[in-house]
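Secondary and tertiary structure notes
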Amino acid sequence: GAVVSQHPSWVICKSGTSVKIECRSLDFQATTMFWYRQFPKQSLMLMATSNEGSKATYEQGVEKDKFLINHASLTLSTLTVTSAHPEDSSFYICSARDPGNTEAFFGQGTRLTVV
Amino acid sequence: AQSVSQHNHHVILSEAASLELGCNYSYGGTVNLFWYVQYPGQHLQLLLKYFSGDPLVKGIKGFEAEFIKSKFSFNLRKPSVQWSDTAEYFCAVKDTGRRALTFGSGTRLQVQP
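So, here is what we can say about the structure in this document. (Residues numbered from 1 in each chain as written. Chains lettered and ligands numbered in written order. Predicted model: local features only at pLDDT ≥ 70, side-chain atom pairs only at ≥ 80, totals over all residues. Heavy atoms only, no water.)

So, on to the pattern of salt bridges. Tallied over the full model, the rule gives six salt bridges over all chains. Its salt-bridge partner being A:Asp88, residue A:Lys66 comes within 2.8 Å of it at the nearest N-O pair. Linking A:Lys66 in the loop between β6 (57-58) and β7 (67-73) with A:Asp88 in the loop between β8 (76-81) and β9 (90-97), this pair joins segments that are 22 residues apart in sequence. Between B:Glu64 and B:Lys58 there is a salt bridge; the shortest N-O distance is 2.8 Å. (Salt bridge = Lys/Arg side-chain N within 4 Å of Asp/Glu carboxyl O. Helix = DSSP H or I, 4+ residues; strand = E, 2+ residues; numbered from the N terminus.)

Written out as structure tokens, the structure is:
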């Protein structure tokens, strides 16, 4: 199957700093990527849909100024957590769908810890 | 809004036992249904999916699922589990109006040798 690579796998940062997470589709072009957040023992919750060349579409309750999404190319979307707080600590997962495939492929996730 | 319920949060089985994990969704229109598995430290991987046709779907690693439209259910089954099936299992639904998936809360399966 297609491969989605997410980097870094884990990151620890101080409160008030910003963290960037990258999501790459390695062997296909993805016009749309999805960013999810997963709290311990809970489901993956969709944060936003990243659209190549245009603004991301955020889910209700997700602060677009805090979670900046950039999808500058067909193989790369980035999520930047700005002015991080401890409550932003979570597991962030990206997903992309190969246009020729009905299946969505997932990155390995990024565990963010804000101290 | 669409929602997905997985009623079993943590299941412990012995090897060779049969498995059934429940999944119910709350959307009345046409849906695509998925089961994903996440082994420790690994990506989410697709086990199987249903789009249309035969409601009994066979996936990888001996898993199958049955779509029962009248019950809004898509339960995952495996006749005989192995220790290597220890993982987190997620049911997901996509309706025709959304591009993203809606996930259930996941079921942690622990298979004891």
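Now that the structure is up, let's keep going.
For the rest of this paragraph, the subject is the interface of chain A and chain B. By a widespread convention, an interface's size corresponds to the accessible area lost as its parts come together. The interface of chain A with chain B comprises 22 residues on the first partner and 17 residues on the second. Contact between chain A and chain B buries roughly 1,600 Å² in total, counting both sides, with carbon and sulfur atoms accounting for 54%. Taken together, the links from chain A to chain B amount to zero salt bridges. Where chain A touches chain B, the interface holds eight residue pairs in polar contact (both at pLDDT 80 or more). Looking at the side of chain A that touches chain B, the elements that each hand over two or more residues are β4 (32-38), β5 (44-51), β9 and β10 (104-106) of chain A. (Contact = heavy atoms within 4.5 Å. Buried area = accessible area lost by both parts, 1.4 Å probe. Polar contact = N/O pair within 3.5 Å; in protein donor to acceptor, adjacent residues only side chain to side chain.)

Inspection of every chain in the model, using the stated rule, returns two disulfides over all chains. With its sulfur 2.0 Å from that of its partner, A:Cys23 forms a disulfide with A:Cys94. The sign of the 80° torsion about the S-S bond sets the A:Cys23-A:Cys94 disulfide as right-handed. Placement of A:Cys23 in strand β3 (residues 19-25) and of A:Cys94 in strand β9 is noted, with a sequence separation of 71 residues between them. Judged by relative accessible area, which is 0%, A:Cys94 ranks as buried. The residue that forms a disulfide with B:Cys23 is B:Cys91, at a sulfur-sulfur distance of 1.9 Å. The S-S bond linking B:Cys23 to B:Cys91 shows a torsion near -65°; that makes this disulfide left-handed. Residue B:Cys23 is found in the loop between β3 (19-21) and β4 (24-25), and its partner B:Cys91 is found in strand β10 (residues 87-95); the two are separated by 68 residues along the sequence. (Disulfide = S-S within 2.5 Å. Buried < 20%, exposed > 50% of the residue type's maximum accessible area, 1.4 Å probe, protein only.)

Below, the discussion takes up the environment of B:Tyr39. All names here are of chain B. Take Tyr39: it is sitting in the loop between β5 (31-38) and β6 (44-50). When its relative accessible area of 10% is taken as the criterion, Tyr39 is described as buried. Each C-alpha atom of the pair Tyr39 and Asp95 lies 26 Å from the other, and the pair is 56 residues apart in sequence. In contact with Tyr39, other than residues within four places in its own chain, are Gln45, Lys61, Ser84, Thr86 and Ala87. A polar contact of 3.0 Å, which involves the side chain of Tyr39, links it to the side chain of Lys61.

All right, on to the packing of aromatic side chains then. If you walk through the whole model with that rule in mind, you get 14 aromatic pairs over all chains. For the pair A:Phe106 and B:Phe103, a centre-to-centre distance of 5.7 Å together with 75° between the ring planes defines the contact as edge-to-face. Of this pair, A:Phe106 sits in strand β10 while B:Phe103 sits in strand β11 (residues 102-103), which puts the two residues in different chains. Ring centres of B:Phe63 and B:Tyr89 lie 5.6 Å apart, and the angle between their planes is 45°; this geometry places the pair in the tilted category. A residue pair is termed long-range when its members are at least 10 positions apart, and B:Phe63 in the loop between β7 (56-58) and β8 (64-68) and B:Tyr89 in strand β10 qualify at 26 residues. Its relative accessible area of 0% is what places B:Tyr89 among the buried residues. An aromatic cluster is present here, built from A:Tyr36, A:Phe106, B:Phe34, B:Tyr36, B:Phe51, B:Phe90 and B:Phe103 joined pairwise through their rings. (Phe/Tyr/Trp six-rings, centres within 6.5 Å; stacked < 30°, edge-to-face > 60°.)

Let us now look at the side chain of B:Gln6. Residue and element names in this part refer to chain B. Tracing the backbone shows Gln6 in the loop between β1 (4-5) and β2 (10-14). A residue is classified by how much of its surface remains accessible, and Gln6, at 3% relative accessible area, is buried. At 3.0 Å, the side chain of Gln6 forms a polar contact with the backbone oxygen of Tyr89. Side-chain polar atoms of Gln6 contact the side chain of Thr107, separated by 3.3 Å. Those residues in contact with Gln6, other than ones at most four positions away along the chain, are Gly22, Trp35, Tyr89, Phe90, Cys91, Gly104, Ser105, Gly106 and Thr107.

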